[in-house]
Protein chains: 2
Amino acid sequence: MKDSKRLSGVLSPVVTPFDEDLSPDADRLIAQCKWLLSQNVGLAVFGTNSEANSLSVDEKVELLVSLVEAGVDPKRMMPGTGCCALTDTVRLTAHAAKLGCAGTLMLPPFYYKGVSDDGIYANFAEVIERVDNEDLKIYLYHIPPVAQVGFSVDLVERLVTDFPGIVVGIKDSSGDWDNTHAMLERKWDDFRVFVGSESFLLANMRNGGAGCISATANINPAAIDHLYQNWEDDDAATAQEALDDIRNTVMAYPMIPALKATVAEFSGDDAWRTVRPPLLGLARDKSAALAATLRGKGFAMPGLS
Amino acid sequence: MKDSKRLSGVLSPVVTPFDEDLSPDADRLIAQCKWLLSQNVGLAVFGTNSEANSLSVDEKVELLVSLVEAGVDPKRMMPGTGCCALTDTVRLTAHAAKLGCAGTLMLPPFYYKGVSDDGIYANFAEVIERVDNEDLKIYLYHIPPVAQVGFSVDLVERLVTDFPGIVVGIKDSSGDWDNTHAMLERKWDDFRVFVGSESFLLANMRNGGAGCISATANINPAAIDHLYQNWEDDDAATAQEALDDIRNTVMAYPMIPALKATVAEFSGDDAWRTVRPPLLGLARDKSAALAATLRGKGFAMPGLS
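We now turn to the structure provided with this report. (Residues numbered from 1 in each chain as written. Chains lettered and ligands numbered in written order. Predicted model: local features only at pLDDT ≥ 70, side-chain atom pairs only at ≥ 80, totals over all residues. Heavy atoms only, no water.)

The next subject is the overall build of chain A. Helix and strand counts for chain A stand at 12 helices and 7 strands. Taken along the three principal axes of its C-alpha coordinates, chain A extends 50 × 50 × 35 Å. Relative to its full complement of 305 residues, chain A shows a buried share of 61%. For chain A, the share of sequence-separated contacts (at least 6 apart) that also reach a separation of at least 24 residues comes to 73%. Counting every atom, chain A has about 11,300 Å² of accessible surface; 47% of that belongs to carbon and sulfur. (Helix = DSSP H or I, 4+ residues; strand = E, 2+ residues; numbered from the N terminus. Buried < 20%, exposed > 50% of the residue type's maximum accessible area, 1.4 Å probe, protein only. Contact = heavy atoms within 4.5 Å. Areas by Shrake-Rupley, 256 points an atom, 1.4 Å probe, with all protein chains shown as cover.)

Set out below in structure tokens:
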């Protein structure tokens, strides 16, 4: 049976705007989140593409409060809460659950490498026990190309089995469709499998997936949501190709700086260009070239303020 | 000219004891640090082997205060302060410098992979500017097998050149002697090159290095310091072999659980066995086997309480 409290559809790992002094800009983030919601895209704030791992727990706690106080619906939010330190993960996850966020997207602890499935399991068991909130919903965040530490399909099964109603989904950013497919094949009850790129969206929907949580949903939300809503249509493959074309255009540049440059170019708001070290902003000539290429493809960001 | 404020010799990335509820045990840590100092080994608290990346910044700030208040000399301390988030690194580094720590051992921000030398440089420049303490001394922490992000020799040169008197050394845990040697060859003025394993200690000293900061200095401090003090002796190669034998014995097991199990076995204090997830404690039979093998080699930990 489908649980209406579980998330599906398209979510964006919302890019985080910074002031000139590199502090998070809550007002710009609120406006961006409201725009994404207007495009029917949910809010996976504090994802990899949000530079979330360049923010302290305090900064994330404060931003989450600002969003909810500004009227951004926590039921559309799946903040990233997985940190290296158990105590940080617990604090941030408890905060998100208390604010009523529909879910949390949880990286495994990612500093120590070569850790065992048992060790990652122990981490999640400890987090769940400490957060101790019956509304907690965890979506596992599998992104081995960046975190280097990930979830085997068997470990996912253990977590789903032992924490029913709590471990309810996964974002698979492995880039390996075989891995996504292997999880879909297990057919865990109402388990929500999101792909980490819209390039796999059609394949995911055809195999029972829940949607996608994708970097490019920051800039191309409506089109990605359109394919999600209409994946059974005859022209779905054509729509998938159009999404891939935009994504590949952006991916010719470093992803996060390119997303922020695109928001800056299409909103006319240069403040969006700022990234935190160790990332570097996209050079102006590259930013202009990317925007020109996108415009040449008929790309636009309607309603972006 | 040699700057007496710069560190040299043998330091230990001190293992962090935990209570049953997994909170850091300041009293046991203080006792362990005092024992290490009695063995003439300095304190690289909050290193990889300290499970430092499984601790929150608050926990580290509090532990550092406890150590200094208990009379542990900050001039013998080089706490790890490099976090993923710029703001965390600044906070912890500023705290360590204010407490009078002789140096800080700084990881690069390690979540985002494939970042450029320019991006890592920008991170360090920003940290130095924000900490704004003339006594700040940074030792770069190069450990690509774990952090995956590291320092090229050219990047080290840029940092040493642009921040003279601040970026004063490096711990090279690459395990690649050619990399260590390449830095020694550059002969930056009074730059302190520590190897990350005592297996390279003799080679490092013979080439102008400063010492080592090694996991096994937690359990074998006096012998490692003895080689450091006497590396020009005729029997230095034999002493190096004996160190390697103990290290290889421990490395047959997962390093951090094995170090803690060894402390537990030789102190009789089982509380030392506790690790934080995602690590798992060493099984009792393995712990006993490791201790028996070590005892068979005449290994002891004299003075350990």
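Moving on to the relation of the copies chain A and chain B. The two copies are related by a screw operation: chain A maps onto chain B through 180° of rotation and 0.0 Å of translation along the axis, at an RMSD of 0.0 Å. Between the two chains, the operation in question is that of a two-fold axis. Across chain A, the smallest distance between a C-alpha and the rotation axis is recorded for Tyr111(A), namely 4.1 Å. Taken together, the interface assignments show that 100% of the residues at the interface of chain A recur at the interface of chain B, consistent with an identical surface on both copies. (Least-squares fit on C-alpha atoms with pLDDT ≥ 70 in both.)

Hydrogen bonding along the main chain pairs the strands of a sheet, whether they run parallel or antiparallel. All names here are of chain B. With parallel pairing, the 7 strands of this open sheet are ordered in space as 2-1-7-6-5-4-3. In this open sheet, the two strands that pair with only one neighbour each are strand 2 (42-43) and strand 3 (104-106). By the bridge criterion, 2 bridges tie strand 6 (residues 192-195) to strand 7 (residues 211-213) in an arrangement that is parallel. In the sheet register, Phe194 faces strand 7, and the bridge partner there is Gly211. (Pairing = 2+ DSSP bridges.)

Contact residues are listed per partner, giving 43 residues for chain A and 43 residues for chain B. Summing both partners gives a buried area of about 3,200 Å² for chain A against chain B, and 64% of it is carried by carbon and sulfur. It is Tyr111(A), Tyr112(A) and Pro278(A) that lose the most area in chain A upon contact with chain B, and together they represent 25% of the buried surface on that side. Our enumeration of links across chain A and chain B arrives at 0 salt bridges. Our enumeration of links across chain A and chain B arrives at 17 residue pairs in polar contact (both at pLDDT 80 or more). Of all the secondary structure elements, the ones that give two or more residues to the side of chain A that touches chain B are helix 3 (86-98), helix 4 (117-131) and helix 5 (144-147) of chain A. Residue composition of the side of chain A that touches chain B, by class: 24 nonpolar, 10 polar and 9 charged. (Buried area = accessible area lost by both parts, 1.4 Å probe. Salt bridge = Lys/Arg side-chain N within 4 Å of Asp/Glu carboxyl O. Polar contact = N/O pair within 3.5 Å; in protein donor to acceptor, adjacent residues only side chain to side chain. Nonpolar A, V, L, I, M, F, W, Y, C, P; charged D, E, K, R; others polar.)

In this section: the nonpolar core. By size, the foremost hydrophobic cluster in this structure holds 107 residues, and its most contacted members are Tyr111(A) and Tyr111(B). Setting aside residues no more than four positions away along its own chain, Tyr111(B) makes contact with Thr48(A), Asn53(A), Leu107(A), Phe110(A), Tyr141(A), Ile143(A), Val146(A), Ala147(A) and Cys84(B). (Core = buried A, V, L, I, M, F, W, Y, C linked by side-chain atoms within 4.5 Å.)

To continue, consider the environment of Asp244(B). All names here are of chain B. Within the element layout of this structure, Asp244 appears in helix 10 (residues 236-250). Placed 20 residues apart in sequence, Asp244 and Ile224 show a C-alpha to C-alpha distance of 10.0 Å. Apart from the residues lying within four places of it in its own chain, the contact partners of Asp244 are Glu198 and Ser199.

With respect to the helices, strands and loops of the structure, Ser173(A) is situated in the loop between strand 5 (167-172) and helix 7 (177-186). Non-local contacts of Ser173(A), meaning those with residues more than four positions away in its chain, are made with Tyr141(A), His142(A), Ile143(A), Pro145(A) and Gly196(A).

Another point: a negative patch on the surface. Residues and elements named next belong to chain A. Among the surface-exposed residues, Asp19, Glu20, Asp21 and Asp27 lie close enough to one another that they form a single negatively charged patch. Within the fold, Asp27 resides in helix 1 (residues 26-38). Look at Asp27 and you get exposed, because its relative accessible area is 60%. (Patch = residues over 30% accessible without salt bridge, like charges linked within 9 Å, V, L, I, M, F, W, Y side chains within 5 Å. Lys, Arg positive; Asp, Glu negative; His and termini not counted. Charge placed at Lys NZ, Arg CZ, Asp CG, Glu CD.)

All names here are of chain B. Across the interface, helix 9 (residues 221-229) lies against helix 10 with an axial gap of 10 Å and an inter-helix angle of 155°. It follows from the interaxial angle that helix 9 and helix 10 lie roughly antiparallel. At the point where helix 9 passes helix 10, the crossing takes the left-handed sense. The residues of helix 10 that touch helix 9, namely those facing Ala223, Ile224 and Leu227, are Ala236, Ala239, Gln240 and Leu243. Considered class by class, the residues forming the contact of helix 9 with helix 10 number 6 nonpolar, 1 polar and no charged. (Axes fitted to C-alpha atoms, helices over the stretch in contact; angles between N-to-C directions. Parallel < 35°, antiparallel > 145°, perpendicular 65-115°, else oblique. Left-handed = near helix turned anticlockwise from the far one by under 90°.)

Our focus in this paragraph is the pairing of strand 6 (residues 192-195) of chain A. Residue and element names in this part refer to chain A. The alternating pattern of strand 6 places Arg192 and Phe194 on one face and Val193 and Val195 on the opposite face, and all of these are buried. As defined by bridge partners, strand 5 adjoins strand 6 across 4 bridges and the pair is classed as parallel. Among the inter-strand pairings, Ile170 is bridged to a residue of strand 6, identified as Val193. Following the chain from strand 5 across helix 7 to the adjacent parallel strand 6, one finds a crossover that is right-handed. As a crossover connection, the stretch from strand 6 through helix 8 (residues 201-206) into strand 7 (residues 211-213) is right-handed. (Right-handed = clockwise from strand over helix to strand, strands pointing away.)

Now for the sheet that holds strand 3 (residues 104-106) of chain A. Residue and element names in this part refer to chain A. Sheet architecture is open: 7 strands sit in the order 2-1-7-6-5-4-3, paired in parallel fashion. Either end of the sheet is taken by a strand with one partner, and the two such strands are strand 2 (42-43) and strand 3. Pairing of strand 4 (residues 138-142) with strand 5, which is carried by 5 bridges, proceeds in the parallel orientation. When the bridges of strand 5 are listed, His142 appears paired with Asp172. Sheet strands in contact with helix 4 are strand 3, strand 4 and strand 5, and its direction is about 150° off that of strand 4. Contacting strand 1 (9-12) and strand 7, helix 9 (residues 221-229) crosses the sheet at an angle of about 160° to strand 1.

The subject of this paragraph is the environment of Leu184(A). All names here are of chain A. With respect to the secondary-structure elements, Leu184 resides in helix 7. On the basis of relative accessibility, which here comes to 8%, the residue Leu184 falls in the buried class. With 40 residues separating them in the primary sequence, Leu184 and Ile224 have C-alpha atoms 21 Å apart. Here Leu184 is in contact with Trp177, Val193, Asn204, Asn207, Gly208 and Gly209, once residues within four sequence places are set aside.

Below, the discussion takes up the environment of Gly114(A). Position of Gly114(A) among the secondary structure elements: in the loop between strand 3 and helix 4. Counting along the chain gives 55 residues from Gly114(A) to Glu59(A), while the straight-line C-alpha distance between them is 30 Å.

A few words on helix 2 (residues 57-69) of chain B. Residues that lie three or four places apart on an α-helix share one face, since the helix turns once every 3.6 residues. The terminal C-alpha atoms of helix 2 of chain B, which comprises 13 residues, lie 18 Å apart, in line with the 18 Å expected from a rise of 1.5 Å per residue. Of the residues making up helix 2 of chain B, those classed as buried are Val57(B), Glu59(B), Lys60(B), Val61(B), Leu63(B), Leu64(B) and Leu67(B). Against helix 3 of chain A together with helix 1 (26-38) and helix 3 (86-98) of chain B lie the buried residues of helix 2 of chain B. Once helix 2 of chain B finishes, Gly71(B) follows within two positions and takes phi at roughly 95°, a positive value. (Expected span 1.5 Å × (residues − 1).)

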